Amino acid sequence: MRAYQNPSLLIMLFLGFAGLYGQQSIKASGITFSYEINGDALKCALTAPTQGWIGVGFNHNNSIVGSDLLLFHVVDGKPSSRDLYVKEVGNPINDKANGGSNTITLIDGMEDDSSTKVVFSIPLNSRDPNDFVHIIENEFWLILAYSVDDDFRHHSRVRKHLPLVLKKGP
């Protein structure tokens, strides 16, 4: 994990993300989730209008319970992430504490006066029992969220559940 040393270069990366990774993009309540399927990995960008944490979850059901939840924040210019499984409402458990592992590869992240942005990669199938298995062309529920606080224990200000089907290419 590392913060980008050249903020203008990172901004160019995000502006160009639609051409690089964003064959597919979904927006809701100011949150943008873009992705590209690259071999056995899902490369993603997540942006939200906050200086707090941002998150994305994956579930077979329209519920936060049972979801594979990935949270990110940028503190003092350094991005970090949490790989969680939501056992029950208000009780996300770190994958490592639940017999799994952290399967997020955090590529970059930045925060400015109006938004937090991260670029990361996850396996389509990590074989971690806490992680969602992404199957191309199968519908699932995408959960997008953000908070006004960097503390991952702080509840979301916005959370949207949207049906999505992963597709290769535009």
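Before any of the text, the structure's been laid out above.
Here we summarise the structure given alongside this text. (Residues numbered from 1 in each chain as written. Predicted model: local features only at pLDDT ≥ 70, side-chain atom pairs only at ≥ 80, totals over all residues. Heavy atoms only, no water.)

**Side note on the overall build of the protein**
Scanning the protein from terminus to terminus reveals 2 helices and 11 strands. In sequence order, the secondary structure elements of the protein are arranged as α-α-β-β-β-β-β-β-β-β-β-β-β. When burial is assessed residue by residue, the protein has 46% of its 170 residues classed as buried. Partitioning the intrachain contacts of the protein with sequence separation of at least 6 by distance along the chain shows that 56% fall at a separation of at least 24. Counting only carbon and sulfur atoms, one obtains 49% of the accessible surface of the protein, whose full area is about 8400 Å². (Helix = DSSP H or I, 4+ residues; strand = E, 2+ residues; numbered from the N terminus. Buried < 20%, exposed > 50% of the residue type's maximum accessible area, 1.4 Å probe, protein only. Contact = heavy atoms within 4.5 Å. Areas by Shrake-Rupley, 256 points an atom, 1.4 Å probe, with all protein chains shown as cover.)

**Digging into the nonpolar core**
In this structure, F33, L46, V56, F58, F72, F120 and L142 are the most contacted members of the largest nonpolar core, which totals 29 residues. Contributing elements (two or more residues each) for this core: strand 1 (24-28), strand 2 (31-38), strand 3 (41-48), strand 4 (54-59), strand 5 (68-75), strand 9 (116-123), strand 10 (139-146) and strand 11 (158-165). Those residues within four positions of L142 in sequence are excluded, and the remaining contacts are I26, F33, V56, G57, F58, K160, H161, L162 and L164. If you look at the next biggest cluster of nonpolar residues, it comprises 9 residues, including I64, L84, V86 and F152. (Core = buried A, V, L, I, M, F, W, Y, C linked by side-chain atoms within 4.5 Å.)

**With respect to the pattern of salt bridges**
Under the defined criterion, the tally for this structure stands at 2 salt bridges. We note a salt bridge from K167 to E137, for which the minimum N-O separation is 3.7 Å. With K167 in the segment after strand 11 and E137 in the loop between strand 9 and strand 10, this residue pair connects regions lying 30 residues apart in the sequence. Take K167: its relative accessible area is 37%, and that puts it in the partly exposed class. The partly exposed category is assigned to E137, whose relative accessible area is 48%. With a closest N to O distance of 2.9 Å, D151 and R153 form a salt bridge. Of the residues examined, D151 reaches a relative accessible area of 30% and is grouped as partly exposed. (Salt bridge = Lys/Arg side-chain N within 4 Å of Asp/Glu carboxyl O.)

**As for the environment of P123**
Here P123 shows up in strand 9. Using a relative accessible area of 27% as the deciding quantity, one classes P123 as partly exposed. Along the backbone, P123 and H134 are 11 residues apart, and their C-alpha atoms lie at a distance of 8.3 Å.

**A closer look at the sheet that holds strand 3**
Pairing within the open sheet is antiparallel, and its 5 strands lie in the order 1-2-3-9-8. Each having just a single partner strand, strand 1 and strand 8 (105-111) make up the two edges of the open sheet. Mean inter-strand twist for the sheet, computed between neighbouring axes without regard to direction, equals 15°. (Pairing = 2+ DSSP bridges. Axes fitted to C-alpha atoms, helices over the stretch in contact; angles between N-to-C directions.)

**Points about unusual backbone geometry**
The residue S29 is not glycine, and still its phi comes out positive at about 50°. Summarising the element assignment, S29 is placed in the loop between strand 1 and strand 2. Look at E137: it is not a glycine, yet its phi comes out positive at around 75°.

**Overview of the packing of aromatic side chains**
Scanning all chains against the criterion turns up 6 aromatic pairs. Ring centres of F58 and F132 lie 6.2 Å apart, and the angle between their planes is 25°; on these two criteria the pair is classed as stacked. Of the two residues, F58 sits in strand 4 while F132 sits in the loop between strand 9 and strand 10, which places them 74 residues apart along the sequence. Grouped by ring-pair contacts, the aromatic residues F33, Y35, F58, F132 and F140 constitute a single cluster. (Phe/Tyr/Trp six-rings, centres within 6.5 Å; stacked < 30°, edge-to-face > 60°.)

Function cannot be inferred from these measures alone, as they are strictly geometric.
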